[in-house]
Amino acid sequence: MPTEPSSSVAAIWAILRKECRSEWRTRYGISAALLFAITTLTTVSFAVGRMPDRTDVLAALFWIVLLFASLASLSHSFVREVEGHTMTLLRQVASPTAIALGKLLWNLVFLAAIELVTVPLFLILMGAPPPRWAAFLALLALGSLALAASSTLVGALIAQSRGRGALFAAVSLPLLLPVLAGAVSGTRAQWAGGAVAAPAQLLASYALAILAVSLVLYDHLWEE
Amino acid sequence: MSGAALTLAPPRTVAVEARSLAHRFGARVALEPQQFRLDGGIVAVTGPNGSGKSTLLRIVAGLLRPSAGECVVSVAGRALPPLARRIHAGLMSPMLSFYEELTVGENLEFAAEARGLAAPRRAAAAALERVGLGARAADRAGALSSGLLQRLRLAFATLGSPALLLLDEPGSHLDEEGRGALETWIRSVARDALVMLATNDEREWRLADRTIQLRGRDLGDPA
């Protein structure tokens, strides 16, 4: 029989691998997210052209595209389990915390895949100035962590509720606003030559706070 | 299903005790107060539809928190918190669904790996052989018939040879051969595990050493 700590690590890893395999088979989330990102960037690029001087608009547009491209899939990682009736199986093989951490890791992998396509496309199509790569990638990583942690928490909380679509919007708005505020101001600052330490610290602290709250809450989720 | 291949781990003392255990969903009574202690063997849980058979099994499995009383599951004299029960309990339930985009083998491998079993691939293959699904390991789970899906549920419940087996209507959808093998198998595993069978099927409850008869109320009767 397995022991608890080793079984939790195994469960998190198994859930991450299962999510990757399921997504690879169905392409459910990735194709919709990439379609949104590519269509949005192409449309904006045709409409307003390249705008290297408008770093404020560029920073906002960059995070809006990332947020909306990924949000549908991030919010559905738990809902898919409920609607596919696989939650009973999951709860039989892993603790709620392990399930949620596995989902969080998957959401981070998913975001990284979206960013791998979206970032170069954005820089080319929008004519953004060359980023200060260290600062830009640090902000991207911290913003992604905060975004994934927030949406995983909200997704887990609303998964078994009725009217979860409306609930997700209502609950995630206040949680995502600080992420967007920190990420946009940091990204703008790195293009404008300003300091990025404060927004980076805000994103890191916020992500850690959300993770801490999540770890306290997860084991009490889905108690019927 | 092959009865011969069903060798479980050495006997472990598992006990389930219900102390004034009851449950309701909102105002609706789902399980009337129960008081029992089970130490091993085969226990049939019978009763009319809506009397709480599945609810009782889900509470024992730790998936449902009872609204009154308590359910204590202990292994080797040590009481397990609800979240730790999944390691020692295998649940077969009509509510158990699998990932349709994954194969039969991948579903069980995932479950074995997530449960922290050593050699998950081997554990999954052994469980599939046990229920006669070895040849269907590469098929997508979504393509299985209801009878084969029931066998997959049984394979899932037996992963890691749990000390407590909770089988909810295990014979439903099975053909005659499958039901015969299931009965042989249940007798075989009950030597080392406590088996709780939620059933109204006479062939299944005749296997039991003991019966818990749930009275229930009339369907739809509020509290």
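Keep in mind it's a predicted model, so treat the numbers as computed, not measured. (Residues numbered from 1 in each chain as written. Chains lettered and ligands numbered in written order. Predicted model: local features only at pLDDT ≥ 70, side-chain atom pairs only at ≥ 80, totals over all residues.)

Caption draft 1: Inspection of unusual backbone geometry at higher detail. Residues and elements named next belong to chain B. A positive phi angle is found at Ala119, which is not glycine, with a value near 50 degrees. Classification of Ala119 as exposed rests on a count of 11 C-beta atoms within 10 Å. Although it is not a glycine, His173 sits at a positive phi angle of roughly 75 degrees. For His173, the location among the structural elements is in the loop between β7 (164-168) and α5 (176-189). The class of His173 is partly exposed, set by 17 C-beta atoms lying within 10 Å. (Buried ≥ 20, exposed ≤ 12 C-beta atoms within 10 Å, placed from the backbone. Helix = DSSP H or I, 4+ residues; strand = E, 2+ residues; numbered from the N terminus.)

Caption draft 2: Geometry of the environment of Gly105 of chain B. Residue and element names in this part refer to chain B. Its place among the elements puts Gly105 in helix α2 (residues 104-114). The sequence separation of Gly105 and Ser51 amounts to 54 residues, and the corresponding C-alpha distance is 35 Å. Contacts of Gly105, omitting those with residues within four sequence positions, involve Ala124, Leu128, Ala137 and Ala138. (Contact = placed C-beta atoms within 7 Å.)

Caption draft 3: Fine view of the pairing of strand β1 (residues 14-25) of chain B. All names here are of chain B. With seven bridges joining them, β1 and strand β4 (residues 68-75) adopt antiparallel strand pairing. Looking at β4, one finds that Ala22 is bridged to Ala68. Where β1 meets strand β2 (residues 28-38), seven bridges bridge the pair, whose relative direction is antiparallel. Paired with Leu21 across the strands is Gln34, a residue of β2. Counted along the chain from β1 to the antiparallel partner β2, the turn is two residues long, and its residue Gly26 has a positive phi close to 60 degrees. (Pairing = 2+ DSSP bridges.)

Caption draft 4: Layout of the interface of chain A and chain B. Contact residues are listed per partner, giving 27 residues for chain A and 26 residues for chain B. For the side of chain A that touches chain B, the secondary structure elements donating two or more residues are α1 (4-26) and α4 (87-93) of chain A. The leading source of residues in the side of chain A that touches chain B is α1 of chain A, at twelve residues. Of the residues belonging to the side of chain A that touches chain B, the class tally is nine nonpolar, ten polar and eight charged. (Nonpolar A, V, L, I, M, F, W, Y, C, P; charged D, E, K, R; others polar.)

Caption draft 5: Spatial organisation of the nonpolar core. Counting 134 residues, the largest nonpolar core has Ala146 of chain A together with Val60, Leu108, Leu166, Val195, Met196 and Leu197 of chain B as the members making the most contacts within it. Among the elements that make up this core, the one with the highest residue count is helix α6 (residues 133-158) of chain A (15 residues). Filtering out sequence-adjacent residues up to four positions away, Val195 of chain B remains in contact with Ile42, Val43, Leu165, Leu167, Ile186, Val189 and Ala190 of chain B. (Core = buried A, V, L, I, M, F, W, Y, C linked by C-beta atoms within 7 Å.)

Caption draft 6: Just the sheet that holds β7 of chain B, in detail. Residue and element names in this part refer to chain B. The five strands lie next to each other as β6-β7-β8-β3-β9, forming an open sheet whose pairing is parallel. Each end of this open sheet is capped by a strand with a single partner; those strands are β6 (89-92) and β9 (210-213). Between one strand and the next, the sheet's axes are offset by a mean angle of 15 degrees, whatever the strand orientation. Of the pairings in the sheet, the one linking β6 to β7 comprises four bridges and is parallel in character. Residue pairing in the sheet places Leu91 in a bridge with Leu166 of β7. In the packing of helix α4 (residues 146-158) onto the sheet, contacts are made with β6 and β7, and the angle to β6 comes to roughly 170 degrees. (Axes fitted to C-alpha atoms, helices over the stretch in contact; angles between N-to-C directions.)

Caption draft 7: How the structure looks around the environment of Ala69 of chain A. All names here are of chain A. As for its placement among the helices and strands, Ala69 is situated in helix α3 (residues 55-83). Between the C-alpha atom of Ala69 and that of Ala14, which follows or precedes it by 55 residues, the distance is 26 Å. With near-sequence residues (within four places) excluded, Ala69 lies in contact with Ala33, Phe36, Ala37, Ile114 and Thr118.

Caption draft 8: Looking closely at the domain arrangement of chain B. Residue and element names in this part refer to chain B. Here chain B is described as being made up of domain 1 (12-88 + 164-169 + 183-223) and domain 2 (90-161). A separation of 23 Å is found between the C-alpha centroids of domain 1 and domain 2. In this complex, domain 1 contributes nine residues to the contact, which on the side of domain 2 involves seven residues. Sorting the residues of the side of domain 1 that touches domain 2 by element identifies α1 (53-61) and β7 as the ones contributing at least two each. Take the side of domain 1 that touches domain 2: its biggest share by element is four residues, from β7. For the side of domain 1 that touches domain 2, the class distribution of residues is six nonpolar, one polar and two charged. (Domains from an automatic or database assignment.)

Caption draft 9: Up close: the packing of α6 of chain A against helix α8 (residues 197-218) of chain A. All names here are of chain A. Closest axis-to-axis distance for the α6/α8 pair is 9 Å, and the angle between their directions is 25 degrees. Taken as axis vectors, α6 and α8 run roughly parallel relative to one another. Here α6 runs over α8; the crossing is left-handed. Residues Ala138, Leu139, Leu142, Gly143, Leu145, Ala146, Ala149, Ser150, Leu153 and Ala156 of α6 form the contact with α8, whose participating residues are Pro199, Ala200, Leu203, Ala204, Tyr206, Ala207, Ile210, Leu211, Ser214 and Tyr218. Tallied by class, residues from the contact of α6 with α8 come to 17 nonpolar, three polar and no charged. (Parallel < 35°, antiparallel > 145°, perpendicular 65-115°, else oblique. Left-handed = near helix turned anticlockwise from the far one by under 90°.)

Caption draft 10: How the structure looks around the sheet that holds β1 of chain B. Residues and elements named next belong to chain B. With antiparallel pairing, four strands are arranged side by side in an open sheet as β2-β1-β4-β5. A strand with exactly one partner marks an edge of an open sheet, and here the two such strands are β2 and β5 (78-80). Neighbouring strand axes in the sheet, compared pairwise and without regard to direction, differ in orientation by 30 degrees on average. α1 rests against β1, β2 and β4 of the sheet, and its axis sits at about 125 degrees to β1.

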